Amino acid sequence: AQSVTQLDSHVSVSEGTPVLLRCNYSSSYSPSLFWYVQHPNKGLQLLLKYTSAATLVKGINGFEAEFKKSETSFHLTKPSAHMSDAAEYFCVVSSPTSGAGSYQLTFGKGTKLSVIP
Amino acid sequence: DTEVTQTPKHLVMGMTNKKSLKCEQHMGHRAMYWYKQKAKKPPELMFVYSYEKLSINESVPSRFSPECPNSSLLNLHLHALQPEDSALYLCASSQVSGANVLTFGAGSRLTVL
């Protein structure tokens, strides 16, 4: 069984300061991990993915995440927050399903990022 | 074309109405998904289609009826819904090989009166 724990339900940062959103996972095998972002009343957009290649993963809009197997963590960071980063962020682990070529996503509960001007 | 398109964006319906949500993608993805998302919650999986065949039904009530008429289209037929079914309904698709990434649509916001 797989699970994802997002350690903060709400993070507030000032514009221009670093962002850290924390995620821990549990998986019985080598996981596929993702971060998705959801702006208000919008669908989910893929920020970045880890699929057992480089442990430091770069994504869109200056975000990156580091996979640490020893700590079972996949924290999301950004050096400098922008107002447009204010959104809900989901850490996700993926596993194959019984259906050919389809995948089951296990979502964390989400972290709401607020950016203060 | 790298998008999943959902229509309508907003839908208001009464408990006795019959309506449908539509999802379309032209990325050649052969797996398609319906998710339901309540406010301030993560999405919950409802159905998965793989090669146009229903492969997962997460014990969804029969008032929700999915249909996959071809590899590009996914419908969700709605009948006799309850007010608690009001939510954002998200469609997604994925390739059958390579990176296991789901591409999501913008969602259909459903309100049941």
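Procedures and definitions
- Residues numbered from 1 in each chain as written.
- Chains lettered and ligands numbered in written order.
- Predicted model: local features only at pLDDT ≥ 70, side-chain atom pairs only at ≥ 80, totals over all residues.
- Heavy atoms only, no water.
- Helix = DSSP H or I, 4+ residues; strand = E, 2+ residues; numbered from the N terminus.
- Rg over C-alpha atoms; globule rule 2.2 N^0.38 Å.
- Contact = heavy atoms within 4.5 Å.
- Core = buried A, V, L, I, M, F, W, Y, C linked by side-chain atoms within 4.5 Å.
- Buried < 20%, exposed > 50% of the residue type's maximum accessible area, 1.4 Å probe, protein only.
- Pairing = 2+ DSSP bridges.
- Axes fitted to C-alpha atoms, helices over the stretch in contact; angles between N-to-C directions.
- Salt bridge = Lys/Arg side-chain N within 4 Å of Asp/Glu carboxyl O.
- Buried area = accessible area lost by both parts, 1.4 Å probe.

Considerations on the overall build of chain B
- For chain B, the count of helices and strands is zero helices and eleven strands.
- Ordered by position from N to C terminus, the α and β elements of chain B give β-β-β-β-β-β-β-β-β-β-β.
- The C-alpha atoms of chain B give 13 Å as radius of gyration, which agrees with the globular expectation for 113 residues (13 Å, within 12%).
- Sequence-distant contacts, at least 24 apart, represent 54% of the contacts inside chain B between residues at least 6 apart.

A closer look at the nonpolar core
- In terms of nonpolar packing, the biggest core is built from 26 residues, with Trp35(A), Leu48(A), Phe74(A), Leu76(A) and Tyr89(A) touching the most fellow members.
- With four residues, strand E10 (residues 87–96) of chain A is the single largest residue contributor to this core.
- Beyond its immediate sequence surroundings of up to four residues, Leu48(A) is in contact with Leu33(A), Phe34(A), Trp35(A), Val57(A), Lys58(A), Gly59(A), Phe63(A), Glu64(A), Ala65(A), Phe74(A) and Leu76(A).
- Of all hydrophobic cores here, the second largest spans 22 residues; its members include Val4(B), Met46(B), Ala87(B) and Val112(B).

What about the sheet that holds strand E3 (residues 18–25) of chain B?
Residue and element names in this part refer to chain B.
- Taking strand neighbours across the sheet as the criterion, the four strands line up as E1-E3-E8-E7 in an open arrangement whose pairing is antiparallel. The open sheet terminates on both sides in strands that have one partner only, identified here as strand E1 (4–7) and strand E7 (64–70). For this sheet, the mean inter-axis angle between neighbouring strands, taken without regard to orientation, is 20°.
- Pairing of E1 with E3 involves four bridges; the strand directions are antiparallel. Bridged to Thr5 within E3 is Glu24.

A few points about the pattern of salt bridges
All names here are of chain A.
- Following the criterion strictly, the structure yields six salt bridges over all chains and no others.
- For Glu64, the salt bridge identified is with Lys58, shortest N-O distance 2.8 Å.
- On the basis of relative accessibility, which here comes to 23%, the residue Glu64 falls in the partly exposed class.
- Under the relative-accessibility criterion, Lys58 is labelled exposed at 63%.

Side note on the interface of chain B and chain A
- Tallying the contact residues gives 28 residues for chain B and 25 residues for chain A.
- For the pair chain B and chain A, the summed buried area comes to about 1,900 Å², and 56% of that belongs to carbon and sulfur atoms.
- For the side of chain B that touches chain A, the secondary-structure elements that each account for two or more residues are strand E4 (31–37), strand E5 (44–50), strand E6 (53–57), strand E9 (87–94) and strand E10 (102–104) of chain B.
- At four residues, the largest contribution of residues to the side of chain B that touches chain A is made by E4(B).

Some thoughts on the pairing of E5(B)
Residues and elements named next belong to chain B.
- Counting buried residues along E5, six of its seven residues qualify, which places the element largely inside the surrounding structure.
- Bridge count for E4 against E5 is six bridges, and the pairing is antiparallel. The residue bridging Tyr35 from the neighbouring strand is Leu45, located in E5.
- The antiparallel hairpin formed by E4 and E5 contains six residues in its connecting segment, where Lys40 sits at a positive phi of about 60°.
- Here E5 pairs with E6 via four bridges, running antiparallel. Note that in E6 the partner of Ser50 across the bridge is Lys53.
- Hairpin remark: E5 followed by E6, antiparallel, with two residues in the connecting loop; positive phi at Tyr51, about 50°.

This is a description of form; function is not addressed.
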